[in-house]
Amino acid sequence: MALAMKEIDETAVQEKAPPPVVRIDDIGVWMIERLRGRYSQHSDRMLKAWLNSCTNDNECLFLRAAGAVVMAVVHRSFLSPPWVEEVFCLAQTEPDKQHACGLYTDVRTWAMGLNATHIIVERFSDVERADISLEIGTPKREVRSVVYLPGHAP
């Protein structure tokens, strides 16, 4: 009887799927080509290694949608509250810019969950400022390079 229970337990463990992991190779070469254009001092291999390390870092947010990717990083200091900086927000094609724009909502949600005071945007983005404003701006404030989150305005 104990032997049969052991077989059931092993079968259940074998069927359990691992959680999905964002792999740089799954996104395609288009993103590496865009990054190479911006950071030409680095090889493709270095860019892939950097991106892979960022996807496994809790201080980075790396999201993708259909034909779009965004990466943001949180900056922390012992003496001041955290703040978030966009590293890039890229769209593969012109129609994919809508998907890229939607990723800013997730960046804002992540930043608010970290109790960040502000988000720095437009570092390397395919999304227009007006569209970013619609996604993460506040009604009283126009989006500039820095977006202050509710309760943290200067």
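In this report, the structure presented in the accompanying data block is examined. All of these numbers come straight from a predicted model, not from anything done at the bench.

Another aspect to go through is the nonpolar core. With 21 residues, the main nonpolar core has Val84, Tyr104, Val107 and Val127 as its most contacted residues. The set of elements that each furnish at least two residues to this core consists of β2 (68–77), β3 (80–91), α5 (97–113) and α6 (129–136). In terms of residue count, the dominant contributor to this core is α5 (7 residues). Not counting the four nearest positions on each side in its chain, valine 127 is found in contact with Cys89, Lys97, Ala100, Cys101, Tyr104 and Ile132. Of all hydrophobic cores here, the second largest spans 16 residues; its members include Leu51, Val69, Val73 and Phe124.

Turning our attention to the pairing of β2. The element β2 is largely enclosed, with a buried count of 7 among its 10 residues. As consecutive antiparallel partners, strand β1 (residues 60–65) and β2 are separated by 2 residues, and within that stretch glycine 67 has a phi angle of approximately 70 degrees, a positive value. Of the pairings in the sheet, the one linking β2 to β3 comprises 9 bridges and is antiparallel in character. Following the sheet pairing, serine 77 is matched in β3 by serine 80. Two successive antiparallel strands, β2 and β3, enclose a turn made up of 2 residues.

The next subject is the packing of aromatic side chains. Per the counting criterion, the structure on display carries 3 aromatic pairs. Here the aromatic rings of tyrosine 39 and tryptophan 50 are separated by 6.5 Å at their centres, their planes lie at 65 degrees, and the arrangement is edge-to-face. With tyrosine 39 in the loop between α3 (29–38) and α4 (44–55) and tryptophan 50 in helix α4, this pair connects stretches of sequence that are 11 residues apart. Here tyrosine 39 falls in the partly exposed class, since its relative accessible area comes to 22%. A relative accessible area of 32% places tryptophan 50 in the partly exposed class. A centroid spacing of 6.3 Å and a plane angle of 80 degrees characterise the contact between phenylalanine 62 and phenylalanine 88, whose relative ring orientation is edge-to-face. Residue phenylalanine 62 is located in strand β1, and its partner phenylalanine 88 is located in strand β3; the two are separated by 26 residues in the primary sequence. Relative accessible area serves as the criterion here: at 0%, phenylalanine 88 is assigned to the buried category.

Parameters at a glance
- Residues numbered from 1 in each chain as written.
- Predicted model: local features only at pLDDT ≥ 70, side-chain atom pairs only at ≥ 80, totals over all residues.
- Heavy atoms only, no water.
- Core = buried A, V, L, I, M, F, W, Y, C linked by side-chain atoms within 4.5 Å.
- Buried < 20%, exposed > 50% of the residue type's maximum accessible area, 1.4 Å probe, protein only.
- Helix = DSSP H or I, 4+ residues; strand = E, 2+ residues; numbered from the N terminus.
- Contact = heavy atoms within 4.5 Å.
- Pairing = 2+ DSSP bridges.
- Phe/Tyr/Trp six-rings, centres within 6.5 Å; stacked < 30°, edge-to-face > 60°.

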